[in-house]
Amino acid sequence: MTTSGGYTPLTVETVPAWLDARPHLRARVPGSPLHVREVGDGNLNLVFIVRDDPDRPGIVLKQSLPWVRVFGKGWPLTVERARHEADAYEAYRPFAGATNPDYHGFDPVWYVLAMEDLADLRIWRTALNEGEIHPGAAGEIGTFIARIAMRTSDFGLEPEVRKRQAALATNPELCRITEDLVLTDPYIEHERNRAVPGVEPLIAGLRADDRVRLAVATLKHRFLTGAEAHIHGDLHTGSVMVGGGRAVAIDPEFAFYGPVGFDLGNLWANAGFAAARGARLGRPEAFRAHVAAILPESWDAFTGEVRRLWPERADRFYPDAFLAAWLRRTWDDALGYMATELVRRIAGFAHVSDIDSLPDAERASAAAACLRSARRLLVDRAGFPDPAAAWSVVAEEIARG
Ligand code: SR1
Ligand code: MG
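Quick caveat, the model's predicted, so the values are computed rather than measured.

J.: Can you lay out the overall build of the protein chain for me, pointing to particular residues and giving the numbers?
T.: Looking only at helices and strands, the protein chain has 16 helices and twelve strands in total. Against the compact-globule benchmark of 21 Å for 401 residues, the protein chain has a radius of gyration of 21 Å, which places it among compact chains. Each of the three principal axes of the protein chain carries a C-alpha extent, and together these read 60 × 55 × 40 Å. When the 401 residues of the protein chain are sorted by exposure, 58% land in the buried category. Pairs at least 24 residues apart make up 73% of the contacts formed inside the protein chain by residues separated by at least 6 positions. If you sum the accessible surface of the protein chain, you get close to 16100 Å²; carbon and sulfur atoms cover 54% of it. Measuring between centres, the 46 positive side-chain charges of the protein chain sit 2 Å from its 54 negative side-chain charges.

This is the structure in structure tokens:
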């Protein structure tokens, strides 16, 4: 199938010729024959691993489709998302170090980006689902979020530069997905919603609660208007690869200028899913402690790195007292977006394997714990001023059964 301008979705059969026509990429996998596997398991895109030796890393090609992959052609979606992902990798490259994948370029006709084959790493969600412990990953991601906050915002750039960067990063179609799927649909009746079976009364309770509606509407408005930094925009555990002491943030196709707390909250909610799953499956205490540490370790790393970079801020008009207030607001945002991510993966369109792959009874009780935690975080965020207090909400609700 060919669309306008020469764009054509790649297949495992057409990838070798596509690479032959691009010697700078072919040089990264110079041997023959090429071994091509399509491994995309996300909701949106094609992902090909290309190797000339099946046992050694080669390169990854990622191509956006003009529709939502898991839904089909009935849900069209701009292929521009691959450009946004490429632009984010470029924006993060100067400060992200090994947390950014090695990025080899973007083809603006085929909407293909080429990047490192992270052969020895696994998707963090998959690793957590199987009970693996990856020390240091949460801290790496917290540091990464801090560097984005400090280097791509008005704290790190001259205001004219920041505004031009923000304009280039405007990502309306992908933001609209978040505005709908995360920050609206779960709180109303909508044909896209798919509830985890057994928690329908809890979802109905959320929808009927005016305090919940006000809190989510406030978070939605902040998402729409809080253009602070070039955030990742979809930083759940399926967007992080771990292994060998490294944590890599992938898939920033939802990147845009938004509130810094959104990425933190997304990560923390997914720690919540891992914790609920770990408890229901009776995982060892060491694993449960590891998951419980994701929120505090990432927040500590985040605040530590923000404070380390604060003296280098671009505009010294901002006093230290402003930093303290900004961190408080970011904490408040993060808890709010943690709650909205907890809700949408249980009550909305896009679910998580942590919960969905549990046996029926455990799935319902894990999902219920996530929804109860979210409700408390939404209506009483001020009551949870630090990581221990915030995580205690999740721990208590999981323990309630
Ligand atoms: C239609 S896209 C559904 C979800 O997949 C992506 O990974 C984002 O999380 C989005 O909300
Ligand atoms: Mg993704």
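Here the narrative resumes.
J.: For the sheet that holds strand β7 (residues 112-116), give the residues involved together with the corresponding values.
T.: On the basis of which strands lie adjacent, the open sheet formed by five strands has the order β1-β2-β3-β7-β6 and antiparallel pairing. Each edge of the sheet is formed by a strand with only one pairing partner; in this case those strands are β1 (35-38) and β6 (103-107). Going across the sheet, the axis of each strand differs from the next one's by a mean of 20°, ignoring polarity. Of the strand pairs in this sheet, strand β3 (residues 59-64) and β7 are connected by five bridges, and their pairing is antiparallel. Bridged to Gln63 within β7 is Val112. Contacting β2 (45-51), β3, β6 and β7, helix α3 (residues 81-96) crosses the sheet at an angle of about 145° to β6.

J.: Give me the lowdown on the nonpolar core, citing residues and values where you can.
T.: Core analysis: the largest hydrophobic core is formed by 92 residues, its most contacted members being Trp124, Trp268, Phe302, Trp326, Met338, Ile346 and Ile355. Element by element, the count of residues in this core is highest for helix α13 (residues 320-347), at 13 residues. Shared between two domains, this core takes at least three residues from each, and those domains are domain 1 (4-116) and domain 2 (122-399). Counting 21 residues, the second largest nonpolar core, distinct from the first, contains Leu10, Trp18, Trp67 and Ala82.

J.: Tell me about the packing of aromatic side chains, and please be specific about residues and values.
T.: Inspection of the entire model under this criterion finds 22 aromatic pairs. Both rings, one in Tyr92 and one in Phe144, keep their centres 5.3 Å apart while their planes meet at 90°; by these two values the pair is edge-to-face. On the criterion of sequence distance, the pair formed by Tyr92 in helix α3 and Phe144 in helix α5 (residues 137-151) is long-range, its members being 52 residues apart. For Tyr92, a relative accessible area of 1% puts it in the buried group. Aromatic side chains Tyr318 and Phe322 sit 4.8 Å apart centroid to centroid with 45° between the ring planes, which places their arrangement in the tilted category.

J.: Can you explain the site of ligand 1? Please cite residues and give values.
T.: Looking at ligand 1, there are 13 residues lining it, with Asn43, Asp234, Phe254, Arg344 and Arg345 nearest. Interatomic distance of 2.7 Å between a side-chain N/O atom of Asn43 and an oxygen atom of ligand 1. At 3.5 Å, a side-chain N or O of Arg345 approaches an oxygen atom of ligand 1. Summarising the interface, the protein chains cover 95% of the accessible area of ligand 1, which totals 320 Å² for the free molecule. Secondary structure elements with two or more residues in the shell around ligand 1: α7 (172-182) and α13. Split by residue class, the shell around ligand 1 holds eight nonpolar, two polar and three charged. Looking at which domains feed residues into the shell around ligand 1, each of domain 1 (4-116) and domain 2 (122-399) gives three or more.

J.: Please give an account of the domain arrangement of the protein chain that cites residues and values.
T.: Considered domain by domain, the protein chain is made up of domain 1 (4-116) and domain 2 (122-399). Domain 1 and domain 2 are separated by 27 Å when their C-alpha centres are compared. Taken over both partners, the interface formed by domain 1 and domain 2 buries close to 2200 Å², and the fraction arising from carbon and sulfur atoms is 64%. It is Tyr92, Phe95 and Thr99 that lose the most area in domain 1 upon contact with domain 2, and together they represent 31% of the buried surface on that side. At the junction of domain 1 with domain 2, the criterion picks out four salt bridges. On inspection of domain 1 and its partner domain 2, the count reaches eleven residue pairs in polar contact (both at pLDDT 80 or more). Listing elements by their share of the side of domain 1 that touches domain 2, those giving two or more residues are α3 and β7. Classifying every residue of the side of domain 1 that touches domain 2 gives 14 nonpolar, six polar and six charged.

J.: Please provide a residue-by-residue account of the sheet that holds strand β8 (residues 122-123), values included.
T.: The three strands are arranged β8-β10-β11 in an open sheet whose pairing can be described as antiparallel. Each edge of the open sheet carries a strand with a single partner, namely β8 and β11 (246-249). The pairing of strand β10 (residues 240-243) with β11 spans four bridges and is antiparallel. Residue pairing across strands places Val242 opposite Ala247, the latter belonging to β11.

Each value, and the rule that gives it
Residues numbered from 1 in each chain as written. Chains lettered and ligands numbered in written order. Predicted model: local features only at pLDDT ≥ 70, side-chain atom pairs only at ≥ 80, totals over all residues. Heavy atoms only, no water. Helix = DSSP H or I, 4+ residues; strand = E, 2+ residues; numbered from the N terminus. Rg over C-alpha atoms; globule rule 2.2 N^0.38 Å. Buried < 20%, exposed > 50% of the residue type's maximum accessible area, 1.4 Å probe, protein only. Contact = heavy atoms within 4.5 Å. Areas by Shrake-Rupley, 256 points an atom, 1.4 Å probe, with all protein chains shown as cover. Lys, Arg positive; Asp, Glu negative; His and termini not counted. Charge placed at Lys NZ, Arg CZ, Asp CG, Glu CD. Pairing = 2+ DSSP bridges. Axes fitted to C-alpha atoms, helices over the stretch in contact; angles between N-to-C directions. Core = buried A, V, L, I, M, F, W, Y, C linked by side-chain atoms within 4.5 Å. Domains from an automatic or database assignment. Phe/Tyr/Trp six-rings, centres within 6.5 Å; stacked < 30°, edge-to-face > 60°. Near = heavy atom within 4 Å. Polar contact = N/O pair within 3.5 Å; in protein donor to acceptor, adjacent residues only side chain to side chain. Nonpolar A, V, L, I, M, F, W, Y, C, P; charged D, E, K, R; others polar. Buried area = accessible area lost by both parts, 1.4 Å probe. Salt bridge = Lys/Arg side-chain N within 4 Å of Asp/Glu carboxyl O.

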